Amino acid sequence: MSVALHTDDLAVIGAGFVHLDYAATAPCVRAAADAVTALLPSYGSVHRGTGPRSQTSTLEYERARDVIADFLGLRTGDQVVFTRNTTDALNLLARALPPGTTTVVFDGEHHANLLPWPNPLRLPAPSSPEEAVAAVDRALRDLRGPILLTVTGASNVTGEVWPIARLAEVAHRHGARVAVDAAQLAPHAPVSLAETGADWVALSGHKLYAPFGSGVLAGRADWLDAAEPYLAGGGASAAVGDRIGDVRWATGPARHEGGTPNLLGAVSLAAVCSALAESDRAALHAHEQNLLALLRDGLRRVPGVTEVSLFGADSERVGIVSVALTGRDPSQVATRLADDHGIGVRAGKFCAHPLVRRLTAETGNAGCEGGLLRISFGLGTTADDIDCLLTALTAG
Ligand SMILES: Cc1ncc(COP(=O)(O)O)c(C=O)c1O
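These figures come from a predicted structure and were not determined experimentally.

### With respect to the site of the ligand
Alright, step 1. Taken together, the neighbourhood of the ligand is formed by 14 residues, with T87, D181, Q184, S204 and K207 sitting nearest.
Alright, step 2. The separation between an oxygen atom of the ligand and a polar main-chain atom of T86 is 3.4 Å.
Alright, step 3. When isolated, the ligand has an accessible area of 390 Å², and the protein chains bury 88% of it.

### A word on helix α10 (residues 330–341)
Alright, step 1. A rise of 1.5 Å per residue sets the reference length of α10, with its 12 residues, at 16 Å; its end C-alpha atoms lie 16 Å apart and thus fit the reference within 8%.
Alright, step 2. Lining the buried residues of α10 we find β12 (320–325), β13 (343–344), β14 (346–348), β15 (372–376) and α12 (383–394).
Alright, step 3. Where α10 terminates, the next one or two residues include G342, which has phi positive at roughly 65°.

### Comments concerning the nonpolar core
Alright, step 1. I68, L72, F106, W162, L208 and V216 are the most contacted members of the largest nonpolar core, which totals 85 residues.
Alright, step 2. Tallying contributions element by element places helix α8 (residues 263–278) first for this core, with 11 residues.
Alright, step 3. Two domains each provide a minimum of three residues to this core, namely domain 1 (8–29 + 280–394) and domain 2 (30–278).
Alright, step 4. In this structure, L208 is in contact with F71, A186, P187, L203, L269, V272, C273 and L276, ignoring residues within four places of it in sequence.
Alright, step 5. L291, V302, L325 and A392 belong to the second largest nonpolar core, which has 24 residues in total.

### Quick word on empty space enclosed by the protein
Alright, step 1. Within the structure shown, the criterion is met by 1 cavity of 30 Å³ or more.
Alright, step 2. Roughly 40 Å³ of internal volume is contained in the largest cavity.
Alright, step 3. Classifying every residue of the lining of the largest cavity by side-chain character gives 7 nonpolar, 3 polar and 1 charged.
Alright, step 4. The two domains that each donate at least three residues to the lining of the largest cavity are domain 1 (8–29 + 280–394) and domain 2 (30–278).

### Examining the packing of helix α1 (residues 30–39) against α8
Alright, step 1. Where α1 contacts α8, the axes come no closer than 8 Å and their chain directions differ by 135°. When the axes of α1 and α8 are compared, the pair comes out oblique. With respect to the hand of their crossing, α1 and α8 are arranged in right-handed fashion. Contact with α1, carried on its side by A31, A32, A35, V36 and L39, involves L263, L264, V267, S268, A271, V272 and A275 of α8 and no other residues of that element.
Alright, step 2. Counted by class, the contact of α1 with α8 contains 11 nonpolar, 1 polar and no charged residues.

### Digging into the environment of G100
Alright, step 1. In this fold, G100 is placed in the loop between α3 (86–95) and β3 (102–106).
Alright, step 2. Residue classification places G100 among the exposed positions, given a relative accessible area of 61%.
Alright, step 3. The spacing of G100 and P146 is 46 residues in sequence and 6.8 Å in space, taken between C-alpha atoms.

### Quick notes on the sheet that holds β3
Alright, step 1. Taken together, the 7 strands give an open sheet; going across it, the order is β2-β8-β7-β6-β5-β3-β4, and neighbouring strands pair in mixed fashion. Edge positions in the sheet fall to β2 (79–83) and β4 (121–123), since each has one partner strand and no second. Across the sheet, the mean angle from the axis of one strand to that of its neighbour is 20°, orientation sign disregarded.
Alright, step 2. Sitting on the sheet, helix α2 (residues 52–71) touches β2 and β8 (215–219), and the angle it makes with β2 is about 120°.

### Considering the pattern of salt bridges
Alright, step 1. For the structure shown, the criterion picks out 19 salt bridges.
Alright, step 2. The partner of D21 in a salt bridge is R374, with the nearest N and O atoms 3.6 Å apart. Placement of the pair is D21 in the loop between β1 (18–19) and α1 and R374 in strand β15, with a sequence separation of 353 residues.
Alright, step 3. Judged by relative accessible area, R374 falls into the buried class, the value being 1%.
Alright, step 4. Of the charged contacts, one joins R220 and D199 as a salt bridge, the two residues approaching to 2.7 Å between their closest N and O atoms. On the criterion of sequence distance, the pair formed by R220 in the loop between β8 and α7 (222–226) and D199 in the loop between α6 (193–196) and β7 (200–204) is long-range, its members being 21 residues apart.
Alright, step 5. Owing to a relative accessible area of 2%, D199 belongs among the buried residues under this scheme.

### Re the pairing of β8
Alright, step 1. Buried residues dominate β8, accounting for 5 of its 5 residues.
Alright, step 2. Burial along β8 is two-sided: the residues G215, L217 and G219 and V216 and A218 are all buried.
Alright, step 3. The pairing of β2 with β8 spans 5 bridges and is classified as antiparallel. Bridging across to β8, V81 finds its partner in L217.
Alright, step 4. Strand direction decides the pairing type here: β7 and β8, joined by 5 bridges, are antiparallel.

### Considerations on the domain arrangement of the chain
Alright, step 1. You can read the domains of the chain as domain 1 (8–29 + 280–394) and domain 2 (30–278).
Alright, step 2. The distance between the C-alpha centroids of domain 1 and domain 2 comes to 27 Å.
Alright, step 3. Contacts between the two partners involve 44 residues from domain 1 and, on the opposite side, 42 residues from domain 2.
Alright, step 4. Both sides of the domain 1 and domain 2 interface together cover about 3400 Å² of buried area, and 59% of this is carbon and sulfur.
Alright, step 5. Where domain 1 packs against domain 2, one counts 1 salt bridge.
Alright, step 6. Taking the shortest distance from any N to any O, the salt bridge between E160 and R317 comes out at 3.9 Å.

What counts as what
Residues numbered from 1 in each chain as written. Predicted model: local features only at pLDDT ≥ 70, side-chain atom pairs only at ≥ 80, totals over all residues. Heavy atoms only, no water. Near = heavy atom within 4 Å. Polar contact = N/O pair within 3.5 Å; in protein donor to acceptor, adjacent residues only side chain to side chain. Areas by Shrake-Rupley, 256 points an atom, 1.4 Å probe, with all protein chains shown as cover. Helix = DSSP H or I, 4+ residues; strand = E, 2+ residues; numbered from the N terminus. Expected span 1.5 Å × (residues − 1). Contact = heavy atoms within 4.5 Å. Core = buried A, V, L, I, M, F, W, Y, C linked by side-chain atoms within 4.5 Å. Buried < 20%, exposed > 50% of the residue type's maximum accessible area, 1.4 Å probe, protein only. Domains from an automatic or database assignment. 1 Å grid on protein atoms, 1.4 Å probe; cavity = no way out; pocket = protein on both sides within 12 Å on 5 of 7 lines; lining within 4 Å. Points joined across faces, edges and corners; volume = space filled by probe spheres on them. Nonpolar A, V, L, I, M, F, W, Y, C, P; charged D, E, K, R; others polar. Axes fitted to C-alpha atoms, helices over the stretch in contact; angles between N-to-C directions. Parallel < 35°, antiparallel > 145°, perpendicular 65-115°, else oblique. Left-handed = near helix turned anticlockwise from the far one by under 90°. Pairing = 2+ DSSP bridges. Salt bridge = Lys/Arg side-chain N within 4 Å of Asp/Glu carboxyl O. Buried area = accessible area lost by both parts, 1.4 Å probe.

This is the structure in structure tokens:
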């Protein structure tokens, strides 16, 4: 008899697809949809009004913030700012850097964590977690002034997990701060600022089973409180005088949440965070690792398919695997998988062009402009889904 891995709250909505493209956007789970349905009858304005709808909506919005703060292990004084997605969250942090801040990034980042930073110091993508820590140690040694190291929690290309706690430890030793792009880590593993020591974390609701348009930047309040508001307007302003420029801006999350917030996005994301926090994460992890082993073993047997990796075959990973294809165009293969077999995967460079170029070259496919084929999965994925993909890929 099979044992349910989780409660109905984490059941994926929608059946009949072999969806193996969770890293792009994960399906919605019941907790997110139920939270939206439950709130809609009293849906109203947040922080703008005194009526019962407004009271309930404001309460639920702030409750969502508290739930997410707990989920992300925030410390006293940390705050959760709601954004549209990870890209928005990292751009917000980039706008809040104190003058003269040096940002440090690795070449292996998603463009969302590569492009927002002004003149970043770019380090080559490392070949191991140890090399990442050593590279940061070397790079930070001679830097002065405010420094921000910003790094992914798990790669959207290889699924490999980065050594966040060790990077935070070495960065802090040099007086630097650390931001974690947890867009791909948070759907698969707990992410705690208190435990890792990282200063900020960014994530997207749509990758965390809550596709209602919200994301989060969570962490230290001081740089954010000292920065110009990200979106000038109502909500971000505490008082506005008659003369141009006579504005007293709000502090706290409101400073960067100008305009009417995305209540349903916040509440649905918090509902998923609650459901995940109450689930048996060790069992979910074990299930995911079993599927990963099945997938990687199977891929090894498919001719012309080579898994790519930065840190080596035995590195810790989440449910994301990318492969180079010899003699086949990844986008044509992805289209055929969809049209002939009803399987959704992703082909291309996954908004991580420098990393994909390097990994493709390492597999001897340097000229392969089509990039890689990526298979990614999560809640609701079964061994049958993986079998189905492997059979279709082997069929040619
Ligand atoms: C590691 C990583 N960071 C950031 C992003 C950007 O996420 P979003 O498009 O939700 O802003 C992605 C999206 O794929 C990602 O994989």
